Amino acid sequence: MKNHIQYLYHKYTELFILICLISFGFCGISEAQIVTPAGKLISNAMIDTFLQKQIDSLQLPGLSIAFISKGKIVYHRALGVTDIKTKTPIDETVDF
């Protein structure tokens, strides 16, 4: 049980750090792609794929995430389900 808790702690910490880096580390953002300070282009599809892998590996029912640049939402996704029994999909109107 202790190993499982440590594993989950590590995975959640890893996801939190990545989200913080994504949220605060970009020097340029456009709707088609995100440019990191190092100049690497990251497409919305790459972010979508990464987030879905994290949802699956962490066994999260769902999440909502947004990136904001200069006061405007430049990326937003609502992924997963609101209830694991009913499998009702999450959308932009769901309150967490």
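Fair warning: this is a prediction, and the values are worked out from it, not measured in the lab. (Residues numbered from 1 in each chain as written. Predicted model: local features only at pLDDT ≥ 70, side-chain atom pairs only at ≥ 80, totals over all residues. Heavy atoms only, no water.)

Caption draft 1: Geometry of the overall build of the chain. Per the secondary structure count, the chain includes two helices and five strands. Tracing the chain from N to C terminus, the helices and strands come up as α-β-β-β-α-β-β. Looking at the 96 residues of the chain, the share that counts as buried comes to 26%. In the chain, of all internal contacts separated by at least 6 residues, the share reaching a separation of at least 24 is 33%. (Helix = DSSP H or I, 4+ residues; strand = E, 2+ residues; numbered from the N terminus. Buried < 20%, exposed > 50% of the residue type's maximum accessible area, 1.4 Å probe, protein only. Contact = heavy atoms within 4.5 Å.)

Caption draft 2: Spotlight on unusual backbone geometry. Residues other than glycine seldom take positive phi values, yet Gln 59 does so here, at roughly 55 degrees. Relative to the assigned elements, Gln 59 resides in the loop between α2 (44-58) and β4 (62-69). Judged by relative accessible area, Gln 59 falls into the exposed class, the value being 69%. A positive phi is found at Lys 87, a non-glycine position, where the angle reads about 60 degrees. Positionally, Lys 87 belongs in the segment after β5 (72-80). Relative accessible area serves as the criterion here: at 56%, Lys 87 is assigned to the exposed category.

Caption draft 3: Looking closely at the confidence of the model for the chain. Residues at a pLDDT of 70 or more form 66% of the chain, whose mean pLDDT is 75. Note on residues 24-31: pLDDT under 50 across the span, and 18 contacts to partners over four residues away in sequence or across chains. (pLDDT = per-residue confidence, 0-100.)

Caption draft 4: Highlighting the pairing of β5. Pairing of β4 with β5, which is carried by eight bridges, proceeds in the antiparallel orientation. Counted as the bridge partner of Ile 68 is Ile 73 from β5. (Pairing = 2+ DSSP bridges.)

Caption draft 5: Molecular detail of the nonpolar core. Judged by nonpolar contacts, the single largest core of 13 residues is most densely connected at Ile 47, Leu 51, Ile 65, Phe 67 and Tyr 75. Those elements giving two or more residues to this core turn out to be α2, β4 and β5. Setting aside residues up to four positions removed in sequence, Tyr 75 forms contacts with Asn 44, Ile 47, Asp 48, Leu 51, Ile 65, Ala 66 and Phe 67. (Core = buried A, V, L, I, M, F, W, Y, C linked by side-chain atoms within 4.5 Å.)

Caption draft 6: Up close: the pattern of salt bridges. Under the defined criterion, the tally for this structure stands at one salt bridge. As a salt-bridge pair, Arg 77 and Asp 48 come within 2.9 Å of each other at their nearest N and O atoms. In this pair, Arg 77 is assigned in strand β5 and Asp 48 in helix α2, connecting sequence segments 29 residues apart. (Salt bridge = Lys/Arg side-chain N within 4 Å of Asp/Glu carboxyl O.)

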